[in-house]
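# Fold and contact review
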Amino acid sequence: MSRRSARIRVPADAHSPAPYRVLVLRALRQPRYAALSVLMVIVAAVCVAAGSWQIARLHTKATENTALRHNAHAATAPVASVLPLAGHGKTPSRRSIEFRPVTATGTYEADRTSLVRHRTVDSDIGFLVVTPLHTGSGTLLVVRGFIAESSSPTVPTAPRPPSGQVTVAATIRPGESKNDQAGHLTQGQVESINPGEQASRLGEPVFAGYGELVAGQPGSAQLVPNPKPDLSNPAGGAIEPQHLAYIIQWYLFALLALAAPVAMVRAETRERSTDDIDAAPAEPPPTPSAGERTPEQLREAKLADRYGRAVR
């Protein structure tokens, strides 16, 4: 008979699934785990809310990008059919007018040119040159181009636009609501392109938006051309796949928060079960039945056969 090694006595239900689940549920009702569970539910709710907000952001971003791309590829239209006059009716939304191609026929008011400071084109900081174009339907603020800042502290002088009647092609941008600070700045400088404030100073109706000249149009000579719209993500900010990644991230955080108390309880319960098994007394060697030799007797018998000794 082969030698039997000493065994550790394990309770019959130590590894039974049902009692183990009962232990986990009991542990979750302990005050510390109950408090942790409540906290994790709150954390999960916050994460779900953040993920839902990102879903709304993704929907809004996709809608805006689609609308702006559609605007950029729309047919060219007269400016008066796209923009209302500032202060006359409801101001159109950004997604309804931005990047629309328009044409306008009129005369530049060269003496009323403004320089919008602190603007950037191709990483250069400088001024947008804005000149009113007086048309029969109203005045369109036209961004003719860009002048980079020089090392000199003086404000650069913008080249004059052509005189007489011109017809220009431009891309519409919504007017800016920030105060242009024209009364506090010198040499025609302004902080923003605000059609309402420009209308008050010019004393004439101004369209509720402005146009960026297409390169090569009358008035753009000697100026850095306005950059074309970036239609890869025209609404700006985070790109659509980035919002999708945020959604997945927040919902994963919610699942992890809910699973944390259960995982901690399972780990503690498993550790206690292992400690109980290690602490259990070893089972004594089995007692041989009547007529059965012990391992010691079997060893003596083998030695006797080998060396001819008598067996005790």
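Here goes a summary of the coordinates provided. Predicted, not measured: the structure shown is a model, and the values here were computed from it.

Of the regular secondary structure elements, the protein holds 6 helices and 8 strands. Scanning the protein from its N terminus toward the C terminus, one meets helices and strands in the order α-α-β-α-β-β-β-β-β-β-α-β-α-α. Split into buried and exposed, the 312 residues of the protein put 34% on the buried side. Contacts in the protein between residues far apart in sequence, at least 24 positions, make up 72% of those at least 6 positions apart. In the form shown here, the protein has an accessible surface area of approximately 18,900 Å², with 58% of it arising from carbon and sulfur atoms.

Applying the stated criterion to the full structure yields 11 salt bridges. The closest approach of N and O atoms between Arg 173 and Glu 98, which form a salt bridge, is 2.7 Å. Here Arg 173 is found in strand S6 (residues 165-174), whereas its partner Glu 98 is found in the loop between helix H3 (94-97) and strand S2 (101-108), with 75 residues between them in sequence. Of the residues examined, Arg 173 reaches a relative accessible area of 23% and is grouped as partly exposed. Given the relative accessible area of 2%, Glu 98 is considered buried. Here Asp 180 and Arg 201 are joined by a salt bridge, their closest N and O atoms 2.7 Å apart. With a gap of 21 residues between them, Asp 180 in the loop between S6 and strand S7 (189-190) and Arg 201 in helix H4 (residues 195-202) connect regions that are remote in the sequence. On the accessibility criterion, Arg 201 (41% relative accessible area) is partly exposed. Through salt bridges with shared partners, a single ionic network connects Arg 94, Glu 98, Arg 173 and Glu 212.

Once that is clear, we can look at the layout of surface pockets. Within this model, the largest pocket holds a volume of roughly 340 Å³. If you list the elements that add at least two residues to the lining of the largest pocket, you get strand S3 (114-121) and strand S8 (206-213). Residue contributions to the lining of the largest pocket peak at 3 residues, all from S3. Among the residues forming the lining of the largest pocket, the class breakdown is 8 nonpolar, 2 polar and 6 charged.

What follows is about the nonpolar core. Counting 17 residues, the largest nonpolar core has Val 79, Leu 83, Tyr 108, Leu 133, Leu 140 and Val 168 as its most contacted members. Taken together, the elements giving at least two residues each to this core come down to S2, strand S5 (139-148), S6 and S8. If one sorts the elements of this core by residue count, S6 sits on top with 4 residues. Setting aside residues no more than four positions away along its own chain, Leu 133 makes contact with Ala 104, Gly 106, Thr 107, Tyr 108, Gly 138, Thr 139, Leu 140, Val 142, Val 166 and Val 168. Grouped together as the second largest cluster of nonpolar side chains are 13 residues, Leu 128, Ile 193, Ala 199 and Tyr 210 included.

A cluster of nonpolar side chains, contributed by Leu 244, Ile 248, Leu 252 and Leu 255, occupies part of the molecular surface with about 390 Å² of accessible area. Assignment of secondary structure puts Ile 248 in helix H5 (residues 240-279).

Bringing the packing of aromatic side chains into the picture now. For the coordinates displayed, the defined rule picks out 1 aromatic pair. Both rings, one in Trp 250 and one in Phe 253, keep their centres 5.8 Å apart while their planes meet at 85 degrees; by these two values the pair is edge-to-face. Placement of the pair is Trp 250 and Phe 253 together in helix H5, with a separation of 3 residues, close to one helical turn. Looking at Trp 250, the relative accessible area reads 27%, which means it is partly exposed. With relative accessibility at 40%, the residue Phe 253 sits in the partly exposed group.

The next thing to look at is the side chain of Arg 144. Tracing the backbone through its elements, the reader meets Arg 144 in strand S5. Although Arg 144 is buried, it makes no salt bridge; Asp 111 carries the closest opposite charge, 9.9 Å away. Once residues within four sequence positions are removed from consideration, Arg 144 is found in contact with Tyr 108, Thr 113, Val 129, Thr 131, Pro 159, Arg 160, Pro 161, Leu 213, Gly 219, Ser 220, Leu 223 and Asn 226.

Let us now look at unusual backbone geometry. Backbone geometry places Phe 99, a non-glycine residue, at a positive phi of 75 degrees. If you trace the backbone, Phe 99 turns up in the loop between H3 and S2. The phi angle at Gln 181 is positive, at roughly 55 degrees, despite the residue not being glycine. Relative to the elements of secondary structure, Gln 181 occurs in the loop between S6 and S7.

Below, the discussion takes up the pairing of S8. On a regular strand, one side chain projects to one face of the sheet and the next to the other, so that they alternate. Burial within S8 is extensive, with 8 of its 8 residues counted as buried. When S5 meets S8, the two strands line up parallel, connected through 4 bridges. Paired with Val 143 across the bridge in S8 is Glu 212. Where S6 lies against S8, 5 bridges are found, and the strand directions are antiparallel. Opposite Ile 172, over in S8, you have Gly 211 as the bridge partner.

The rules we used
- Residues numbered from 1 in each chain as written.
- Predicted model: local features only at pLDDT ≥ 70, side-chain atom pairs only at ≥ 80, totals over all residues.
- Heavy atoms only, no water.
- Helix = DSSP H or I, 4+ residues; strand = E, 2+ residues; numbered from the N terminus.
- Buried < 20%, exposed > 50% of the residue type's maximum accessible area, 1.4 Å probe, protein only.
- Contact = heavy atoms within 4.5 Å.
- Areas by Shrake-Rupley, 256 points an atom, 1.4 Å probe, with all protein chains shown as cover.
- Salt bridge = Lys/Arg side-chain N within 4 Å of Asp/Glu carboxyl O.
- 1 Å grid on protein atoms, 1.4 Å probe; cavity = no way out; pocket = protein on both sides within 12 Å on 5 of 7 lines; lining within 4 Å.
- Points joined across faces, edges and corners; volume = space filled by probe spheres on them.
- Nonpolar A, V, L, I, M, F, W, Y, C, P; charged D, E, K, R; others polar.
- Core = buried A, V, L, I, M, F, W, Y, C linked by side-chain atoms within 4.5 Å.
- Patch = residues over 30% accessible without salt bridge, like charges linked within 9 Å, V, L, I, M, F, W, Y side chains within 5 Å.
- Phe/Tyr/Trp six-rings, centres within 6.5 Å; stacked < 30°, edge-to-face > 60°.
- Lys, Arg positive; Asp, Glu negative; His and termini not counted.
- Pairing = 2+ DSSP bridges.

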